[in-house]
Amino acid sequence: MSNNENTMLAICIAEDRSSEEIAVKLLAASISKHCPDIKTIITYPPATENFKIYIRQFPNIELRTTAFPGVSGWNVKPQALLSLLAEGYQEVWWIDSDIILSNDFRNNLEGFSSSAFLVTEEPSNHAYDRCGERTKSWGLEVGKSLSFSPNSGVIRANIKHISLLEKWKELLESNTYKSSQREPFYTRPLHMRSDQDVLASLLESRDFAWVSVDFFRRGKDIIQYFGPIHYSVKERLHNFLFGLPPFIHSQGLKPWWDSSEIQKIVQGWEFYYKTLMLRISPYNHVAASYNNSFIKDLGWKNTHSFSSILLSVIGLGNPSLTGLPIVFVHSLIYYSKIFIKSCIRNKAISFKFER
Ligand SMILES: [Mn+2]
């Protein structure tokens, strides 16, 4: 890629929680290592002096500390993307702060149309089974159906997508959406659970049916590390053979959180199990490599336990094989339960018919 092309391309990161500072640092370090030629703009209003000094070591990264008005958390995405497109960048990549790069993602662009709107595929248990429902719930006409539920952890948008981003921003700023965000996550209506459900509504609407949408796929392009089984056996074997994908997304609980934070969400054996899975996560594996190599002041905890070391030894130190036996058993139980439930349901239906 020539320099001229690169000046038209930017990575956009925006985070407003100081609790996620270490993740922003790691993402910055991984971008500078694998994509040092891409201009990267980080908007991080809680930046401390220490954070500013840290970021200065990366010539491709620009730090901004003015918050986007009226938004917080994941709802900032369309506004952040629009602001960089308005500055003249032709193509902007949004990357969530809970993602770390393991290599240059541009190597994975083969097969994608250069003008497509790119998002990522959701974890396996969030497969697409409610096509068009989100769109109809927003009162829009359905224009097409997507092959996967979109996850907005990574988005590639270009100047042709400005009207889509503007509409997305408008819906995220609506009063109905804002009041839904005050409800607990799982009691919110499906079309308003988070920013990406609103995005899915628009991508399936007739108004934006002209937008061609492509997906970064699980396994090959991204690890959606949400819970133990979401980095599946199949994906693990693929990554063992062909290497880690460029994007590793640490969804849900984070390996950089203190135990007390995790304990507020999960307790008892689940706390122990999930903490173990965070310790052996591929995110942790990649993050740990920054601890004493070219970054000294990261403060990455990377705490191991006896069980995590044992699993790592069994997994030959490979991030994809580490934890595989547990994931195999967990998946077997999980999918057997789903299978049995569906058998019982079908039986109940046929019983109703017979009567
Ligand atoms: Mn995320």
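Model, not experiment: these values are computed from the prediction.

### A short note on helix α2 (residues 21-34)
Step number 1: Across its 14 residues, α2 extends 20 Å between first and last C-alpha, which sits within 8% of the 20 Å expected from 1.5 Å per residue.
Step number 2: Counted residue by residue, α2 has 13 buried out of 14 residues, so it is predominantly covered.

### Topic: the domain arrangement of the protein chain
Step number 1: Here the protein chain is partitioned into domain 1 (3-216) and domain 2 (256-337).
Step number 2: Of note, the centres of domain 1 and domain 2, computed from C-alpha atoms alone, are 26 Å apart.
Step number 3: With both sides pooled, the region where domain 1 packs onto domain 2 buries about 1400 Å², and carbon together with sulfur makes up 65% of that total.
Step number 4: Contact with domain 2 buries surface across domain 1, with Ile22, Leu26 and Ile100 losing the most and accounting together for 37% of the total.
Step number 5: Applying the counting criterion to the domain 1 and domain 2 interface returns 0 salt bridges.
Step number 6: Counting across the domain 1 and domain 2 interface gives 2 residue pairs in polar contact (both at pLDDT 80 or more).
Step number 7: Secondary structure elements with two or more residues in the side of domain 1 that touches domain 2: α2, α3 (49-56) and β5 (99-101).
Step number 8: Looking at the side of domain 1 that touches domain 2 element by element, the count peaks at 8 residues for α2.

### With respect to the environment of Ser250
Step number 1: Mapped onto the secondary structure, Ser250 falls in strand β10 (residues 247-250).
Step number 2: For Ser250, a relative accessible area of 1% gives the class buried.
Step number 3: Counting along the chain gives 23 residues from Ser250 to Gly227, while the straight-line C-alpha distance between them is 9.2 Å.
Step number 4: Setting aside anything within four residues of it in sequence, one finds Ser250 in contact with Asp98, Tyr225, Pro255, Trp256 and Tyr283.

### With respect to the sheet that holds β5
Step number 1: Strand order in the open sheet formed by 3 strands is β5-β10-β9, with mixed pairing between adjacent strands. Strands with a single pairing partner mark the edges of an open sheet, and in this sheet they are β5 and β9 (222-225). Averaged over all pairs of adjacent strands, the angle between their axes in this sheet comes to 15°, without regard to strand direction.
Step number 2: Here β5 runs beside β10; their pairing, made up of 3 bridges, is antiparallel. Bridge assignment links Leu101 to a residue of β10, and that residue is Phe247.

The rules behind these values
- Residues numbered from 1 in each chain as written.
- Predicted model: local features only at pLDDT ≥ 70, side-chain atom pairs only at ≥ 80, totals over all residues.
- Heavy atoms only, no water.
- Helix = DSSP H or I, 4+ residues; strand = E, 2+ residues; numbered from the N terminus.
- Expected span 1.5 Å × (residues − 1).
- Buried < 20%, exposed > 50% of the residue type's maximum accessible area, 1.4 Å probe, protein only.
- Domains from an automatic or database assignment.
- Buried area = accessible area lost by both parts, 1.4 Å probe.
- Salt bridge = Lys/Arg side-chain N within 4 Å of Asp/Glu carboxyl O.
- Polar contact = N/O pair within 3.5 Å; in protein donor to acceptor, adjacent residues only side chain to side chain.
- Contact = heavy atoms within 4.5 Å.
- Pairing = 2+ DSSP bridges.
- Axes fitted to C-alpha atoms, helices over the stretch in contact; angles between N-to-C directions.

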